[in-house]
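Secondary and tertiary structure notes
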Amino acid sequence: METVLIIDDDVGLLENLQMHFEEILQDGAPRYHVVTATSAAAGLKAAQDSMPSVVILDMMLPDRSGLEIIEELKTLCGDARIILVTAHHDMETTIRAMKAGAFDYIHKPFPEPAALDLVVERALEYRQLSRRAASMSVENAAARLGDIVGTSPLMQQLVKEIGKVTSSRATVLINGESGTGKELFARVIHNYSYDEAKPFIGINCSAIVDTLLESELFGHEKGSFTGATATKQGKFELAEDGTVFLDEIGDMSLMLQSKLLRVLQEREFERVGGVKKVKLRARIIAATHRHLADEVSTGRFREDLYQRLKVITLTIPPLRERREDIPLLVHHLLERINEKVHKRVTRVPPEVLEHLTRLPWRGNVRELENVLTRAVVLAPGEVLLGDDLPALEPGAPEPGRTPTTPAPLPTPGLMLAAPAVDDVSQIPTLEEAERILIQRAMAVTKGHKGKVCQILGISRPTLERKLQKFGLSQGLPSSLGGQG
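Re the packing of helix α17 (residues 430-444) against helix α18 (residues 449-456)
The contact between α17 and α18 brings their axes to 9 Å, and the two run at 130 degrees. Classed by the angle they form, the pair α17 and α18 counts as oblique. Between α17 and α18 lies a crossing whose hand is right-handed. The residues of α18 that touch α17, namely those facing Ile-438, Ala-441 and Met-442, are Lys-449, Val-452 and Leu-456. Partitioning the contact of α17 with α18 into residue classes produces 5 nonpolar, no polar and 1 charged.

Thoughts on the sheet that holds strand β9 (residues 200-204)
A sheet is described by the order of its strands in space; here 5 strands give the open sequence β9-β12-β15-β8-β16, paired in parallel fashion. Edge positions in the sheet fall to β9 and β16 (312-315), since each has one partner strand and no second. With strand direction ignored, the average angle separating the axes of adjacent strands in the sheet is 20 degrees. Bridge count for strand β8 (residues 172-175) against strand β15 (residues 283-288) is 4 bridges, and the pairing is parallel. Note that in β15 the partner of Leu-173 across the bridge is Ala-286. Lying over the sheet, helix α7 (residues 153-165) contacts β8, β15 and β16, oriented at roughly 155 degrees with respect to β16.

Re unusual backbone geometry
If you check the backbone angles, His-342 has positive phi at about 60 degrees while not being a glycine. Tracing the backbone through its elements, the reader meets His-342 in the loop between α14 (326-341) and α15 (350-358). Even without being glycine, Asn-364 reaches a positive phi, approximately 60 degrees. Considering the arrangement of structural elements, one finds Asn-364 in helix α16 (residues 364-378). Asn-364 gets classed as buried once you look at its relative accessible area, which sits at 0%.

A short note on the packing of aromatic side chains
Scanning the model with the defined rule gives 6 aromatic pairs in all. Geometrically, the ring pair formed by Phe-218 and Phe-236 is tilted, given 5.6 Å between the ring centres and 45 degrees between the ring planes. Here the residue Phe-218 occupies a position in helix α9 (residues 210-218), and Phe-236 occupies one in helix α10 (residues 235-238), the gap between them amounting to 18 residues. Residue Phe-218 is classed as buried on the basis of its relative accessible area, which comes to 3%.

Structural notes on the pairing of strand β5 (residues 54-58)
Among the 5 residues that make up β5, 5 are buried, leaving the element largely enclosed by the rest of the structure. Side chains Val-54, Ile-56 and Asp-58 project from β5 onto one buried face, and the interleaved Val-55 and Leu-57 project onto a second face that is buried too. As defined by bridge partners, strand β1 (residues 2-7) adjoins β5 across 4 bridges and the pair is classed as parallel. Following the sheet pairing, Ile-6 is matched in β5 by Ile-56. Bridge count for β5 against strand β6 (residues 81-86) is 5 bridges, and the pairing is parallel. Considered in β6, the bridge of Val-54 is made with Arg-81. Taking the sense of rotation as the criterion, the β-α-β connection linking β5, helix α3 (residues 66-77) and β6 turns out right-handed.

Calculation notes
- Residues numbered from 1 in each chain as written.
- Predicted model: local features only at pLDDT ≥ 70, side-chain atom pairs only at ≥ 80, totals over all residues.
- Heavy atoms only, no water.
- Axes fitted to C-alpha atoms, helices over the stretch in contact; angles between N-to-C directions.
- Helix = DSSP H or I, 4+ residues; strand = E, 2+ residues; numbered from the N terminus.
- Parallel < 35°, antiparallel > 145°, perpendicular 65-115°, else oblique.
- Left-handed = near helix turned anticlockwise from the far one by under 90°.
- Contact = heavy atoms within 4.5 Å.
- Nonpolar A, V, L, I, M, F, W, Y, C, P; charged D, E, K, R; others polar.
- Pairing = 2+ DSSP bridges.
- Buried < 20%, exposed > 50% of the residue type's maximum accessible area, 1.4 Å probe, protein only.
- Phe/Tyr/Trp six-rings, centres within 6.5 Å; stacked < 30°, edge-to-face > 60°.
- Right-handed = clockwise from strand over helix to strand, strands pointing away.

As structure tokens, this is what we get:
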């Protein structure tokens, strides 16, 4: 339902227009909610309270000219479209009205109802298009499947899953380390879920303090807190029936988690300091680099919210687990970097490509892009030189080896001894076996975490979580715990 504010001192006209617009139905429900005012002062207050989509404003009001309050209305109503009406037909007034920011200018007596309806519908359509254009950045428009580079089995499977996700509006949780491109995947899901352009509104939950984050998500009413000088719509409201992307949701406070859970359950919310219910029409896509199941077990994340978010879960593999995609990514990123820094570095020697393939890439694709950007900027010609690339770490994988095919264990003593066939009590639990393996690997490598990851075929963040879980970091000699 769209709110239409009509400001006119002709009470009879107000009643007729209100009756006309409230009788218009859409899908069996009223199309408009009508608010009226008979003076400029009352109109400004009504605009602040109702946040209309369209304002029909009379030029001649008892206290002020309609032309005088257009700027104030724009401040209070944001992107509401203002239709100015007058009984005068002079060209100068028309020009002044359009210059002041009026969407359209029509004369009294009003034309046929159908003609007035058309002006209002055009205003609403223009407002919606403007909002979509403002919310869709250049990156969003370019976020198509062509930006997801990779032919590895892991990436092929992920693209298949994305294809299934786009056929519904179910909530999606994207897991992945920092730099893997979680927002890119969210934008691709968004773009392929709709046949027409819709808003994609993203917010980083870890970058904003709680009090401001609540206002950013839900909006706020004027005067609801210090500095709230005007009513503001939040991300959930601005997204309309598009997508809200909650990045790093694992860093959201428990207080806001509780409020978000209620919104997801009831599909409605209130602005900060407000009482009016606002419907949530947008789809929610959340992302995190944290392991939310672990966060739930430690009490840092609500289990009920976790269950709401993981309706569909996608996991983006780290770059070191799909090393075969690195050559394709290098050439893809070089095109973008060359355009950005105005260079033409297009040739990558095989030994440089091999070196890039063997690097650990803890920062994933973001780190790869940063490394390539530096190398391109410093390259004297069209060839990417290896002089400005990071050095390989000890134990770097050989070309073609990935963490899914871990290196051989350095010693048979690392393996768990097989229990007697008839002695079931000697078989450790999986958790205990995991602890023993990690403990022995740390001992064999003298605490070199990079080598432990290679031996066990796990990622560095996973190892860190396991060490913390089993309390192994504290049990190692201080000379060993920080290596690798």
